[in-house]
Amino acid sequence: MNKKTTTTVWVFSLGLVGIVGIFAAMSYINTEHAKVVAACKQVKLGATEDEVRKIMGAPINTVPFDDGKRKSKILIFPSSALASTPPQIEIAIETRQVVEVICDDEYRLAPVK
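Residue positions are counted from 1 within each chain, in the order its sequence is given. Side-chain atom pairs in this predicted model are given and counted only at pLDDT of 80 or more, local residue features only at pLDDT of at least 70, and totals for whole chains, interfaces and linings cover all residues. With hydrogens and water set aside, each side-chain value is computed from the structure's full complement of heavy atoms.

J.: What is the right way to look at the side chain of Ser72 in this model?
T.: Segments assigned H or I by DSSP are reported as helices when at least four residues long, segments assigned E as strands when at least two residues long, and all are numbered from the N terminus. Examined against the element boundaries, Ser72 turns out to sit in strand β2 (residues 71-76). The buried label goes to any residue with under 20% of its type's maximum accessible area, the exposed label to any with over 50%, and the partly exposed label to all in between, with areas taken from a 1.4 Å probe on protein chains only. You can call Ser72 buried: its relative accessible area is 3%. Within the structure, the side chain of Ser72 is placed 2.6 Å from the side chain of Glu90, a separation counted as a polar contact. It only takes one pair of heavy atoms within 4.5 Å for two residues to be counted as in contact. Excluding anything up to four places from it in sequence, Ser72 contacts Val63, Pro64, Phe65, Glu90, Ile91, Ala92 and Ile93. Definition of a polar contact: a pair of N or O atoms within 3.5 Å, with one able to donate and the other able to accept a hydrogen when the atoms are protein atoms, and with sequence-neighbouring residues admitted only if both atoms are side-chain atoms.

J.: When you look at the state of the cysteines in this model, what are you seeing that I'm missing?
T.: Chemically, a disulfide is nothing more than a covalent bond linking the sulfur atoms of two cysteines. By definition, disulfides here are pairs of cysteine sulfur atoms that lie within 2.5 Å. What the rule picks out here adds up to one disulfide. Covalently, Cys40 is tied to Cys103 through a disulfide, its sulfur atoms 2.2 Å apart. What sets the handedness of the Cys40 and Cys103 disulfide is the S-S torsion sign, and at about -85 degrees it is left-handed. Of this pair, Cys40 sits in helix α1 (residues 3-40) while Cys103 sits in strand β4 (residues 98-104), and the two are 63 residues apart along the sequence. Here Cys40 and Cys103 have matching classes, each one buried.

J.: Is there a simple way to think about the sheet that holds strand β5 (residues 107-109) in this case?
T.: For two strands to count as paired, DSSP must find a minimum of two bridges between them. In spatial order, the strands read β1-β2-β3-β4-β5; together these five strands make up an open sheet with antiparallel pairing. Both edges of this open sheet fall to β1 (61-66) and β5, since each of them pairs with a single strand only. With strand direction ignored, the average angle separating the axes of adjacent strands in the sheet is 15 degrees. Where β4 and β5 come together, three bridges link them in antiparallel fashion. Working convention: axes come from line fits to C-alpha atoms, limited for helices to the stretch in contact. Angles between N-to-C directions cover 0 to 180 degrees.

Okay, here's the thing in structure tokens:
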């Protein structure tokens, strides 16, 4: 083989390995995200923060929330970069119980108003 052909084969091979690696990483991320969403769907309204942490593990962030009507904190859990809504659990400060559960775009538990 000449030098040009050898270079072309190497570039093609490296590109193919890169594409396979990207798909493998995306598959792993989607699998982990699916596990977090499945765990999130086990959380019920009225659960305590300790119960949430037993089911979901540690959140990646906690955000205070105060809209003048209620004070709470929102626990944010790991998510796929492709997900538009990360799994999040809102816990009322006063009662220390879950008042809202958002697992993904299609699953949400909230009190009936």
